[in-house]
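Here's the letter readout for the chains.
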Amino acid sequence: MRKKVILGRKENDPEWIKDVAFYVKSGKADTYKEQLRELFLEYTREGLDAKEAWEKAKRVLASFEIKR
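These notes cover the structure that comes with them. (Residues numbered from 1 in each chain as written. Predicted model: local features only at pLDDT ≥ 70, side-chain atom pairs only at ≥ 80, totals over all residues. Heavy atoms only, no water.)

1. Quick look at helix α2 (residues 30-45)
The terminal C-alpha atoms of α2, which comprises 16 residues, lie 23 Å apart, in line with the 22 Å expected from a rise of 1.5 Å per residue. Every buried residue belonging to α2 is among Tyr-32, Leu-36, Leu-39 and Tyr-43, and all of these are buried. Down the axis of α2, the buried set is contained in an arc of 70°. They therefore lie on one face. Exposed side of α2, more than 90 degrees from the buried face: Asp-30, Thr-31 and Arg-45 are the residues found there. Of the surrounding elements, those touching the buried residues of α2 are α1 (15-25) and α3 (50-64). Immediately beyond the C-terminal end of α2, within one or two residues, lies Gly-47, with a positive phi of roughly 110°. (Helix = DSSP H or I, 4+ residues; strand = E, 2+ residues; numbered from the N terminus. Expected span 1.5 Å × (residues − 1). Buried < 20%, exposed > 50% of the residue type's maximum accessible area, 1.4 Å probe, protein only. Arc of directions from axis to C-beta. Contact = heavy atoms within 4.5 Å.)

See the structure below:
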């Protein structure tokens with residue numbers, strides 16, 4: 001089986017893709033990342049484009065995040 005290779009330069013990435021990379025690399029809890037992913041996938045299945053789904057998933061989780 002061939003391995004997929006993604007070619008490109010990071011300066012060509014849209015801002016929301018850079019935001020996704022930031023969340024993946026951040027120190028956020030794995031549970032948070034899982035929930036973010038699940039919401040993103042749910043919203044894309046509902047017909048939102050990827051950027052809108054990402055933004056909506058972040059807003060929904062932020063509204064439930066407990067400040068310490």
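Past the structure itself, the notes keep going.
2. Some details on the packing of aromatic side chains
Using the criterion set out here, one finds one aromatic pair in the structure. An angle of 75° between the planes, with centres 6.4 Å apart, marks the rings of Phe-40 and Trp-54 as edge-to-face. Of the two residues, Phe-40 is situated in helix α2 and Trp-54 in helix α3; the sequence distance between them amounts to 14 residues. For Trp-54, a relative accessible area of 6% corresponds to the buried category. It is Lys-56 that lies over the ring of Tyr-43; its NZ or CZ is 4.5 Å from the centre. (Phe/Tyr/Trp six-rings, centres within 6.5 Å; stacked < 30°, edge-to-face > 60°. Lys NZ or Arg CZ within 6 Å of the ring centre and 35° of its normal.)

3. Describing the pattern of salt bridges
Summed over the entire model, instances satisfying the criterion amount to two salt bridges. A salt bridge links Arg-37 to Glu-38; its shortest N-O distance comes to 3.1 Å. Between Glu-55 and Lys-58 there is a salt bridge, with its nearest N and O atoms 3.8 Å apart. Separated by three residues within a single helix, Glu-55 and Lys-58 lie in helix α3, roughly one turn from each other. Judged by its relative accessible area of 27%, Glu-55 is partly exposed. (Salt bridge = Lys/Arg side-chain N within 4 Å of Asp/Glu carboxyl O.)

4. Quick notes on the packing of α1 against α3
A pair of packed helices is characterised by two quantities: the angle between their axes and the separation of those axes. Where α1 meets α3, the closest approach of the two axes is 10 Å, and the angle between their N-to-C directions is 45°. Overall, the two elements α1 and α3 adopt an arrangement that is oblique. Note on packing geometry: the crossing formed by α1 with α3 is left-handed. Residues Trp-16, Asp-19, Val-20 and Tyr-23 of α1 form the contact with α3, whose own contacting residues are Ala-50, Lys-51, Trp-54, Glu-55 and Lys-58. In terms of residue class, the contact of α1 with α3 is built from five nonpolar, no polar and four charged. (Axes fitted to C-alpha atoms, helices over the stretch in contact; angles between N-to-C directions. Parallel < 35°, antiparallel > 145°, perpendicular 65-115°, else oblique. Left-handed = near helix turned anticlockwise from the far one by under 90°. Nonpolar A, V, L, I, M, F, W, Y, C, P; charged D, E, K, R; others polar.)

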